[in-house]
Amino acid sequence: MIRTLTAMAALAAVVIPVTAEAQTIDLSTPAGAIAANRKVQCSTVDGEAVVYHWSGRVFARSPGEPDRHIFNVEGMNVRQCVTVMDPVRGTGYRLVSRELMLYLDPRTNEILRRWTNPVTDQEVEVIHVANDPVNSRPTYERNADGTPFRFSGRVSQGKVFLNFEAPLFYVNPLGGDYQEYVGNQYHAMEIFDFSMQEADLIDGSRPRADPAIAWVRISPWLPWMRMGGRPGGLVFNAVGQTMANGIADLPAVLRDEIAANYPIYDTPPPGDDARPNETSWTYFRKVFDAERAAAR
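The rules behind the values
Residues numbered from 1 in each chain as written. Predicted model: local features only at pLDDT ≥ 70, side-chain atom pairs only at ≥ 80, totals over all residues. Heavy atoms only, no water. Salt bridge = Lys/Arg side-chain N within 4 Å of Asp/Glu carboxyl O. Buried < 20%, exposed > 50% of the residue type's maximum accessible area, 1.4 Å probe, protein only. Helix = DSSP H or I, 4+ residues; strand = E, 2+ residues; numbered from the N terminus. Disulfide = S-S within 2.5 Å. Pairing = 2+ DSSP bridges. Phe/Tyr/Trp six-rings, centres within 6.5 Å; stacked < 30°, edge-to-face > 60°. Patch = residues over 30% accessible without salt bridge, like charges linked within 9 Å, V, L, I, M, F, W, Y side chains within 5 Å. Areas by Shrake-Rupley, 256 points an atom, 1.4 Å probe, with all protein chains shown as cover.

Caption draft 1: Here's a closer look at the pattern of salt bridges. Following the criterion strictly, the structure yields 14 salt bridges and no others. For Asp 46, the salt bridge goes to Arg 38, with nearest N and O atoms at 2.4 Å. Arg 38 gets classed as buried once you look at its relative accessible area, which sits at 0%. Between Asp 132 and Arg 275 there is a salt bridge, with its nearest N and O atoms 2.9 Å apart. Here Asp 132 is found in the loop between strand 6 (129-131) and strand 7 (139-140), whereas its partner Arg 275 is found in the loop between helix 5 (252-261) and helix 6 (280-295), with 143 residues between them in sequence. Owing to a relative accessible area of 15%, Asp 132 belongs among the buried residues under this scheme. Taking relative accessible area as the criterion, Arg 275 reaches 36% and is therefore assigned partly exposed.

This is the structure:
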């Protein structure tokens with residue numbers, strides 16, 4: 001999630017034995033904060049696959065023009081968490097995942113294979129999001145600077161709200177060797193908002209919190225849109241949740257597409273996955289380079 005989305009270990013199940021006397025996760029402790037974040041992101045059970053689903057809309061935004069609803073989206077992320085240990089930073093977890101998001105016709109909700117760009121009037125091939133992997137760095141009881149890890153969510157009236165912003169600014173992977181001098185950095189932001197029941201989060205006997213999620217992404221034009229240097233960009237807005245029965249609970253459009261074209265997306269990557277992360281831009285480069293090579 002898109003980068004996602006794309007980051008979060010419950011040591012209640014791994015490090016802290018769950019007994020009749022220790023059923024409640026204490027959010028004020030580093031171990032409790034790790035446990036809570038892991039329940040939000042995945043499961044306290046090492047290797048248990050968790051599936052997130054989201055659906056929403058995409059708007060084109062150009063200076064001086066009204067926003068235009070150009071796509072609907074259906075997305076999923078399949079993930080697992082594994083426990084990790086560090087002699088200085090303590091016990092924690094690592095999340096590994098892959099994510100798929102489909103661009104749909106905003107009127108019919110059918111998967112788009114070709115799309116006529118209303119700005120350029122050019123028909124282009126639609127390249128859906130197929131990022132494998134989307135992994136996060138380990139999270140430990142102590143941060144890199146030695147401070148204790150703290151739970152950043154807000155508890156109110158029996159509910160928990162957790163927000164996370166990911167400002168993105170780095171060398172565009174589709175650019176050349178001179179971007180430091182001429183610009184063309186990739187500049188975007190992803191915003192994730194989780195909400196769940198407090199009782200589910202602090203219950204040490206439950207491996208998952210199963211939150212609802214809202215996702216917003218502000219990004220440049222997608223490279224396959226062939227917008228060149230035109231000013232403007234895209235606004236994504238979607239909501240979703242974890243799937244109680246995993247892949248089987250996804251909408252048919254996602255299940256069918258996974259079965260037909262993305263079969264590895266029914267399971268997460270291995271817990272020790274060491275591959276570099278994929279993004280929409282690096283995935284586009286792979287597809288584009290492969291198609292260009294095949295045409296020679």
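Caption draft 2: Region of the structure containing the state of the cysteines. Under the definition given, this model contains one disulfide. Across the disulfide, Cys 42 is cross-linked to Cys 81 (sulfur-sulfur distance 1.8 Å). Disulfide Cys 42 to Cys 81: torsion about the S-S bond roughly -90 degrees, handedness left-handed. Taken together, the residues Cys 42 in the loop between helix 2 (30-41) and strand 1 (50-61) and Cys 81 in strand 2 (residues 68-86) connect sequence positions 39 residues apart. Each of the two residues, Cys 42 as well as Cys 81, counts as buried.

Caption draft 3: Quick look at the side chain of Arg 217. Topologically, Arg 217 is positioned in strand 11 (residues 212-219). A relative accessible area of 2% places Arg 217 in the buried class.

Caption draft 4: View of the pairing of strand 9 (residues 159-171). Bridge analysis of strand 8 (residues 154-156) against strand 9 gives three bridges, and the strand direction is antiparallel. For Ser 156, the partnering residue across the bridge sits in strand 9 and is Lys 159. Between the end of strand 8 and the start of strand 9, which pair antiparallel, lie two residues, with Gln 157 showing a positive phi angle near 50 degrees.

Caption draft 5: Region of interest: the packing of aromatic side chains. Throughout the structure, instances matching the rule amount to 13 aromatic pairs. Consider the rings of Tyr 103 and Trp 224, whose centres lie 5.5 Å apart with planes at 65 degrees: the pair is edge-to-face. With Tyr 103 in strand 3 (residues 90-104) and Trp 224 in the loop between strand 11 and strand 12 (233-242), this pair connects stretches of sequence that are 121 residues apart. There is no split in this pair, since Tyr 103 and Trp 224 are both buried.

Caption draft 6: Molecular detail of a nonpolar patch on the surface. Taken together, the side chains of Tyr 178, Tyr 181 and Val 182 define a hydrophobic patch exposed on the protein surface, amounting to about 450 Å² of accessible area. Locating Tyr 181 in the fold gives a position in helix 3 (residues 179-182). When its relative accessible area of 67% is taken as the criterion, Tyr 181 is described as exposed.

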